[in-house]
Amino acid sequence: MKLLNKGAYLRAGLITLITLIIFNITGANPAYAVQKKAADTSVSAADVTFTDIPTAADSLAIRKKQADSVKKAEAAKASKAPAAASKTAEKPKSLWQIFIEGLLGGFTAVILPCIYPLLPLTVSFFTKKSGSKSKAVMQSLIYGVSIIVIYVTLGLLISIIFGSDALNELATNGIFNIFFFLLLIVFGISFLGAFEITLPSSLANKLDANSDKGGLAGIFFMASTLVVVSFSCTGPIIGTLLVDAASKGDRLGPAMGMFGFSLALALPFTIFALFPSALKTLPKSGGWLNSVKVVLGFLELAFALKFLSNVDLAYHWNWFDREIFLSLWIAIGLLIGLYLIGKIKFSHDSDVKFLTIPRTFLAIIVFAFVIYMIPGLWGAPLKSISAFLPPEATQDFNLSAIPDGSGSSTASPSAAIPASIGERKYAANYTRIKTKGLDAWYDYDQALQVSKALHKPILIDFTGFNCVNCRKMEANVWSDPQVFSRIKNDFVLLQLVVDDKAELPAAEQFTSKYSGKKITTLGGKWSDLEAGTFNANSQPLYVMLDSNGNLLKDASGAEIAPSPANYDIASYLKFLDSGIAAYKK
C-alpha cells in the first residue's frame, strides 16, 4: 500500500507535466513572435541614427535619400531618440522561453518507453560497476554532461549550417513552412505507432561496442548509445523543438532548446545515482508509457496545423479559415479525450480496464479545453489561444460583438476623407487579418494624406500574417472597449504587413539603403522601413506620427521593454493618450 501511494503521487506529477505540455502547445505560455527580420544584416543601435519620417509628397526613394543626407547633421539629436525605438524583441527573454520549452520536452522524453525503462538499468550499472557511491555519482555526472554536450552540439550545428540570416527567413518562407508542417505530421504519425523513426542500427552497435572502453571515453559512448537508441522517441520531440526554435530567427535558439532538453534528460540519471533507493518509488513500466507517446502524437498533429496556417495567410491561399483550424483542433482534442478514457485504442495499446486518477484528471482537462474551443466556431475570441489561431477576419460566420467604447468622437472616420485620396491601397490583401470594426490603411503615403484631411495622428502598426504576438495584442488589448475606441476614433490606423509576399510593380522595386539588397515585395518594403527608420525588426511595433510624419512618442511593441504595451491595457491606453496629447500640442 505504501508503494502504491508513492506511485500515485508520482503519476500525479506526470499529469502536471503532460498538462504543461498541452498548455504549452495550445497557447497558455507567452507566445513567441513569429517574425521576419527586416533585413538580412544586423545593425547595432550604436551604428544607426534616427530621423523624422518625411512628408507624403515624397516617394519612398526620395524619402530615403533625404534621411541619408541629414543623418550626420542630426547625429546629436538622434542620439537622444527614444530608447524604445532602438530596441528589437528582447532576445534574452526569447532564449529563456526556448530553454523552458526544451526543458519541458526533455522531462516529457524521460517518461517515454524508449528512456524510462533505462533509468534503473543505467543507474544500477554505475552503482555496481563503480564500487563506491562517490564514484558512481561522478560517473553519472559525466554521463549527464555527455548527454548535454551531444544535444547542444546538435543545436549549434543547426545554427552554423543555416546561419542567423537563414533562420530569420524560416518564419515566413513558404517552402520551409510546408516542410515543417509535413515533418510534424510524420512525427505525429510515428508517435501514434504507424512506424518508428530510428537511426541506423550499425551506428548504435558501434557506439555500444565503444562504450566498453574504460574511463571518460567509455562513459561518453554510453551516452551516445542512449541518444541513438532512444531516437525513435526523442526524435519527434527534438525535431519539434528545433523547428520551433529555428523559426524564431535567433542564432542561439536551437542550441538553447537542446540545452534545456538535454538538461532535463540528464537530471534523472544523476539524481537517482545520488539517491538509488528512490528508484523503488518509480511506477513500473507498462501501458501508460505508450499512452504518453500517443497523446504526444496527437499534439504533434495539432501543432503542425500552425505552420500550414502560416503559409495560407502569407501567400493569400484563403482556404484555411479559423473555423477549419478550430474544427481540426476540436476533433484532435476529442480523440485525445476518448483515448484517455479507453474508448479508442491502437493496435499496440493495452486494454484500459479501469480509469486511474491521472487519466481521469487529464481527460477532464482535455474535454474542458475542447468545450472551451467550441464557441470559437461562432466567433468567440478565445483569448488564451488567440496567438495560435488564424485571425478572426478569416471566420466566415462571426457572431462576436464589436467593442463599444466611450468618451471619444463617434463621427465616421471616412466622412471627411477627400475623394482625391482614392481607394485604400492594398486593402484587398488584408481582409483576412482585418480587425472587425476598424478601418485601417495600408500605404504610408496615403495614410499621411488621410491624417492631414482628418487632423488626426497616425498609429502605425507594424504587423505580420504570421505574427502570433500581433494576434495576441489584437485579441487581448485592442478588444478592450476603451483601446478600441481610441484607435477607431482618435487615430488614422496604418497597418504595414512586413511578411506580405505580394510582388511590388517593377517600377516600385528598389535597392535598400539599409541592407543594400533589392526589395521586391510589399512586405519587404515595409520591413525595410521599420528597420531603416526605427532600427526594429520585431512585430508588433507601434509608432505614432503627426500629419507630417514626425515621431510623436516612443515606438512601442509587445516584445520591447520597457514598453507601454506588453499586453497591459492600462499601459497601452496611457501610450495612446500620450500620443493624442502630443499631437494636439
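Each value, and the rule that gives it
Residues numbered from 1 in each chain as written. Predicted model: local features only at pLDDT ≥ 70, side-chain atom pairs only at ≥ 80, totals over all residues. Heavy atoms only, no water. Salt bridge = Lys/Arg side-chain N within 4 Å of Asp/Glu carboxyl O. Helix = DSSP H or I, 4+ residues; strand = E, 2+ residues; numbered from the N terminus. Buried < 20%, exposed > 50% of the residue type's maximum accessible area, 1.4 Å probe, protein only. Patch = residues over 30% accessible without salt bridge, like charges linked within 9 Å, V, L, I, M, F, W, Y side chains within 5 Å. Areas by Shrake-Rupley, 256 points an atom, 1.4 Å probe, with all protein chains shown as cover. Polar contact = N/O pair within 3.5 Å; in protein donor to acceptor, adjacent residues only side chain to side chain. Disulfide = S-S within 2.5 Å.

Caption draft 1: Geometry of the pattern of salt bridges. Here the structure, examined in full by the defined rule, presents seven salt bridges. In this structure, the salt-bridge partner of Arg471 is Glu474, at a minimum N-O distance of 3.0 Å. Pair noted here: Arg471 and Glu474 are both in helix H16 (residues 468-476), with a separation of three residues, about one helical turn. You can call Arg471 buried: its relative accessible area is 5%. On the basis of relative accessible area, Glu474 is assigned to the buried category, the value being 12%. Between Asp577 and Arg486 there is a salt bridge, with the nearest N and O atoms lying 2.7 Å from each other. Remark: Arg486 occurs in helix H17 (residues 481-490) and Asp577 occurs in helix H19 (residues 569-584); sequence separation between them is 91 residues. A relative accessible area of 31% means that Asp577 is categorised as partly exposed. Via salt bridges that share partners, Asp312, Asp321 and Arg432 belong to a single interconnected network.

Caption draft 2: Examining a nonpolar patch on the surface more closely. A surface patch of nonpolar side chains, about 520 Å² in accessible area, is lined by Ile371, Ile374, Trp378, Phe397 and Leu399. Summarising the element assignment, Trp378 is placed in the loop between helix H14 (357-373) and helix H15 (444-454).

Caption draft 3: Up close: the side chain of Asp312. Positionally, Asp312 belongs in helix H12 (residues 287-314). Among the polar contacts made by the side chain of Asp312, one reaches the main-chain amide nitrogen of Trp319 at a distance of 3.1 Å. Polar side-chain contacts of Asp312 include one of 2.8 Å to the side chain of Arg432.

Caption draft 4: Quick look at the state of the cysteines. One pass over the full model with this rule turns up one disulfide. Two residues, Cys467 and Cys470, share a disulfide whose sulfurs are 2.2 Å apart. Classification of the bridge connecting Cys467 and Cys470 rests on its S-S torsion, roughly 80 degrees, and on that basis the disulfide is right-handed. With respect to class, Cys467 is no different from Cys470; both count as buried.

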